[in-house]
Amino acid sequence: MATFPSIGTALFLLLVPQVSASGTFELRIEQFENSGALLAAGHRCVPECLTFFRVCLKHFQKVVTPEPCTYGNVLTPLLGTNSFTVPDNQPPLRINFTFKWPGTFSLIIEAWNSASNLPSLNVTSPETLINRFAIQRHQPVGTAWAQDSLQGEHTQLYYSYRVVCSQHYYGEGCSDYCRPRNDTFGHYTCGKEGQRLCLPGWQNEYCSQPICQAGCSLDHGYCDQPGECKCHYGWQGRLCDQCMHYPGCLHGTCQQPFQCTCKEGWGGLFCNQDLNYCTHNRPCLNNATCTNTGQGSYTCTCQPGFTGTNCQSALRQCDSSPCRNGGTCTELDDSYMCSCLPGFYGQHCEDSTLTCAESPCFNGGSCIERSQDPPYSCICPLGFTGLNCEQKVDWCTRNLCANGGQCFDLGFSRMCRCQAGFAGQRCEINVNDCARSPCANGATCVDQINNYTCLCVAGFSGRDCDQPLGSECDSMPCHNGGTCHAGVYGQTFVCQCPVNFMGSLCEIPVFSVPLQKQQQPPSPFPWVAVSLAFGLMAFVMLLCVLAIALRHVQRPGGGQRHDTETMNNLTESQRDNLIVESQLKLTNKKVDLDSDCIVEKTNYKDRNFALDWNLAAGLKPDLTQDLKCHKNHRKEESLPLRNPCHQQPECRISTVSSARGLMYQPVYRTSEGRMHDIITEV
């Protein structure tokens, strides 16, 4: 039996599943006692029980059922005979799981007897079952072993178990994954709880962003390795916080790369022209801000407490009329004092001992008695304020005009008269002098206070950049009155020649050019004239069609007179083809007519045009015009049937004649719905 442990260890390693898992449930069987060598059915093992175990791990159940093993199961090798103790160096049983450990489980441990020296895969036969144990437990993740024992009828089992996380898995349920790395995808190690601990010089969630040099601009600099500070294009300096000036900029600053924003007192494309009145003269006093407004003028923005063109005068505190209720203000060194009228007191004479009986309200104010201090209240008319309506509202004091604007009190409002270069209700808007695009030749316009500056491109100068520098046109190279236009940067020029001259310098008269070279371009095809001609022809044809249509519509009598004349002018040969009057069926019955052949009428007018025109045209006597047959179905009105009646002899009628003479007898329907015979005798 000494071979059991070595063989069992080899089989155990083969049977334990080797898969990637987030954690492992480990079970260690320590001791098993079956002194009677009995099976679960009550029989004895012969000669002794060869014991192995089947372990089934599943989810927590109040009543544990044998199957299925939802978390997994495992078979042990032969661990001993009837009673035995497992050595401490025996590897534990392991069941891996790939989910978050829930903290609870159900466990079934079955002891089986093997008929050979190897564990049997048949663990369903009750004849070989020694005993079955089932438990439900709560077990958190940890390295400590939980000791337990199970007592059967004739057996006893001692075992221990634990739940541990696999490598790189952390947390209460082994669901936090962290694998140390130092490559393109991260630079970190893992803490005890599975948190990522960035290596020195790296940051962000996955420790993939390097930490740049201390102070390096985050907006204009970057780094590929910790401690670097590389500048984006247009920025410079050790910390990439300095923008590059426009090349040649002398007295200018920049907020963005390649700018040249002139400092106060300088102008021009390169900020090399000193044109600032404020810089030369410094006219503004008392820390006021001087702003150039062009043409040698300026504006001073005063600090609080000062006024005047140059902010030279200090504002007196009494100018704001701090004393109320008619009090007199007296200037002091650093303050002021109010002398109150009788009946008033307080720092600003705001408190009163008067009542409405003394009529304390001025300027038409209404007095209202009060039960608290002050004992009355004045309702002031529009334009006055104060406890006693003694103070006129000063609109200019409450709404000062900005940028040196002059305020005018209009009684119920105020008006600001702005200085040049400013606009708005309070003169707060700096007028954009670049709105009219005064700069020429692609220059950039910079707005100023009541002025502008043009930043010229290379090759141009002047206030509006309209004067070329060093142009070859200065030597007047164009002959015969040609106009010279300088090229880019003044290196080339183009001569615009008058009508009678040509050439690069307008030196060749036009008449001296050979005639074969003075070929005129071919005249274009006159598409406009052709289009007009076709349009006129279409219009004339349309007028002709309209005239013919109007002639037919406006024929007198709706065509009846012409038809009658045609019938009366028949030749003798044509009269022979007429039908005798006695053979023609005429009736005055209403709606119970049979299928008769009548001349079709529409809108009370004769529609027998085809018959009359054929006769008038002298057609052959044997040519007839088929008439339509109308079948009346006991209604007041009926629609004509469209079925041809060529097979009916009585329907093949060409004309109508009688022995007494030619008579035209159409059928006429009146508005009352009755059919009448209208006989016209010729």
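Structure's up top.
Rules used throughout
Residues numbered from 1 in each chain as written. Predicted model: local features only at pLDDT ≥ 70, side-chain atom pairs only at ≥ 80, totals over all residues. Heavy atoms only, no water. Helix = DSSP H or I, 4+ residues; strand = E, 2+ residues; numbered from the N terminus. Buried < 20%, exposed > 50% of the residue type's maximum accessible area, 1.4 Å probe, protein only. Contact = heavy atoms within 4.5 Å. Areas by Shrake-Rupley, 256 points an atom, 1.4 Å probe, with all protein chains shown as cover. Polar contact = N/O pair within 3.5 Å; in protein donor to acceptor, adjacent residues only side chain to side chain. Phe/Tyr/Trp six-rings, centres within 6.5 Å; stacked < 30°, edge-to-face > 60°. Core = buried A, V, L, I, M, F, W, Y, C linked by side-chain atoms within 4.5 Å. Pairing = 2+ DSSP bridges. Disulfide = S-S within 2.5 Å. Axes fitted to C-alpha atoms, helices over the stretch in contact; angles between N-to-C directions.

Colleague: Even after reading the chapter, I still don't get the overall build of the protein, so can you show me in this structure?
Modeller: When its secondary structure is counted, the protein shows seven helices and 56 strands. Every one of the 682 residues in the protein was classed for burial, and the buried ones make up 32%. In the protein, 42% of the contacts between residues at least 6 apart in sequence involve partners at least 24 apart. For the protein, the exposed surface amounts to about 42300 Å²; the carbon and sulfur share of it is 54%.

Colleague: Help me understand the environment of Ser125 in this model?
Modeller: Among the structural elements, Ser125 can be located in the loop between strand S6 (104-113) and strand S7 (129-138). Spatially, the C-alpha atom of Ser125 lies 9.6 Å from that of Trp112, the residues being 13 residues apart in sequence. Separated by 2.4 Å, the side chains of Ser125 and Glu127 make a polar contact.

Colleague: Teacher, can you tell me more about the packing of aromatic side chains here?
Modeller: Both the distance between ring centres and the angle between the ring planes are used here to describe each pair of aromatic rings. Taken as a whole and judged by the stated rule, the model has 16 aromatic pairs. Considering the side-chain rings of Tyr71 and Phe99, the 4.9 Å spacing of their centres and the 45° angle between planes classify their relative orientation as tilted. Here Tyr71 is found in the loop between strand S2 (51-58) and strand S3 (72-75), whereas its partner Phe99 is found in the loop between strand S5 (93-97) and S6, with 28 residues between them in sequence. Looking at Phe99, the relative accessible area reads 31%, which means it is partly exposed. Here Tyr233 and Phe258 contribute two aromatic rings whose centre-to-centre distance is 5.7 Å and whose plane-to-plane angle is 45°, an arrangement assigned as tilted.

Colleague: Just checking my understanding: could you explain the nonpolar core for this structure?
Modeller: The tendency in soluble globular proteins is for nonpolar side chains to be buried as a group. Counting residues in hydrophobic clusters, the biggest one holds 33 residues, and the most contacted among them are Phe25, Leu27, Phe53, Leu107, Leu157 and Tyr159. Elements with a contribution of two residues or more to this core: strand S1 (23-33), S2, S5, S6, S7, strand S8 (146-151) and strand S9 (156-165). With residues near it in sequence (within four places) discarded, Leu107 still touches Phe25, Leu27, Val55, Cys56, Leu57, Phe133, Ala134 and Ile135. Formed by 13 residues, the second largest nonpolar core is a distinct cluster that contains Cys338, Phe344, Cys356 and Leu387.

Colleague: Please explain the pairing of strand S29 (residues 328-331) as it appears in this structure.
Modeller: A regular strand places its side chains on the two faces of the sheet in alternate fashion. Where S29 meets strand S30 (residues 336-339), four bridges bridge the pair, whose relative direction is antiparallel. Note that in S30 the partner of Cys329 across the bridge is Cys338. Between S29 and S30, which follow one another and run antiparallel, lie four residues.

Colleague: Looking at this structure, how should I read the state of the cysteines?
Modeller: By definition, a disulfide links the sulfur atoms of two cysteines through a covalent bond. Under the defined criterion, the tally for this structure stands at 27 disulfides. Linked covalently through their sulfurs, Cys243 and Cys254 form a disulfide whose S-S length is 1.8 Å. On the S-S bond that ties Cys243 to Cys254, the torsion sits near 105°, and the link is right-handed. Pair noted here: Cys243 is in strand S20 (residues 242-243) and Cys254 is in the loop between strand S21 (252-253) and strand S22 (261-262), with a separation of 11 residues, a long-range link. With respect to class, Cys243 is no different from Cys254; both count as buried. Each sulfur of the disulfide joining Cys361 and Cys378 lies 1.8 Å from the other. An S-S torsion of about -90° defines the bridge between Cys361 and Cys378 as left-handed. Within this pair, whereas Cys361 is found in the loop between strand S32 (351-352) and strand S33 (366-369), its partner Cys378 is found in strand S34 (residues 376-379), the two being separated by 17 residues in sequence. Residue Cys361 is classed as buried on the basis of its relative accessible area, which comes to 15%. Judged by its relative accessible area of 12%, Cys378 falls in the buried class.

Colleague: Would you take a moment to explain unusual backbone geometry for this structure?
Modeller: Trans is the common state for peptide bonds, and a negative phi is the common state for residues other than glycine. Residues Val46 and Pro47 are joined by a peptide bond in cis, for which omega reads -10°. For Pro47, the position within the fold is in the loop between S1 and S2. Following Glu67, the chain continues into Pro68 via a peptide bond in cis, with omega recorded as -5°. When you line up the elements, Pro68 lands in the loop between S2 and S3. Located in the positive-phi region is Cys207, a residue other than glycine, with phi close to 55°. Within the secondary structure layout, Cys207 lies in the loop between strand S15 (202-203) and strand S16 (209-210). Backbone geometry at Cys271 places phi at a positive 55°, although glycine is not the residue there. Its place among the elements puts Cys271 in the loop between strand S23 (266-267) and strand S24 (273-274).

Colleague: What am I meant to see in the environment of Arg414 here?
Modeller: Along the chain, Arg414 falls in strand S38 (residues 414-417). In this structure Arg414 comes out as buried when scored by relative accessible area, which is 13%. Through-space distance from the C-alpha of Arg414 to that of Gln425 is 9.5 Å; in sequence the pair is 11 residues apart.

Colleague: Help me understand the pairing of S1 in this model?
Modeller: Bridging between S1 and S9 involves 10 bridges; their strand directions are antiparallel. For Arg28, the partnering residue across the bridge sits in S9 and is Ser160. Where S1 meets S5, five bridges bridge the pair, whose relative direction is antiparallel. Bridging across to S5, Glu26 finds its partner in Arg94. Taken together, the two bridges between S1 and strand S4 (residues 84-85) define a ladder with antiparallel strand orientation. Directly across from Gln31, in S4, lies its bridge partner Thr85.

Colleague: I keep staring at the sheet that holds strand S14 (residues 196-198) and nothing clicks. Help me out?
Modeller: Think of a sheet as strands paired side by side through backbone hydrogen bonds, with each pair either parallel or antiparallel. Taken together, the three strands give an open sheet; going across it, the order is S12-S13-S14, and neighbouring strands pair in antiparallel fashion. Single-partner strands in this sheet number two, and they are strand S12 (181-183) and S14. When the angles between neighbouring strand axes are averaged without regard to direction, this sheet yields 35°.

Colleague: Which parts of the structure should I look at to understand the side chain of Asp148?
Modeller: Mapped onto the fold, Asp148 is located in strand S8. On the basis of relative accessibility, which here comes to 18%, the residue Asp148 falls in the buried class. There is a polar contact of 2.7 Å between the side chain of Asp148 and the side chain of Arg137. A distance of 2.7 Å separates the side chain of Asp148 from the side chain of Tyr159, its partner in a polar contact. Excluding residues that lie within four positions of it along the chain, Asp148 makes contacts with Ile135, Arg137, Leu157, Tyr158, Tyr159 and Tyr161.

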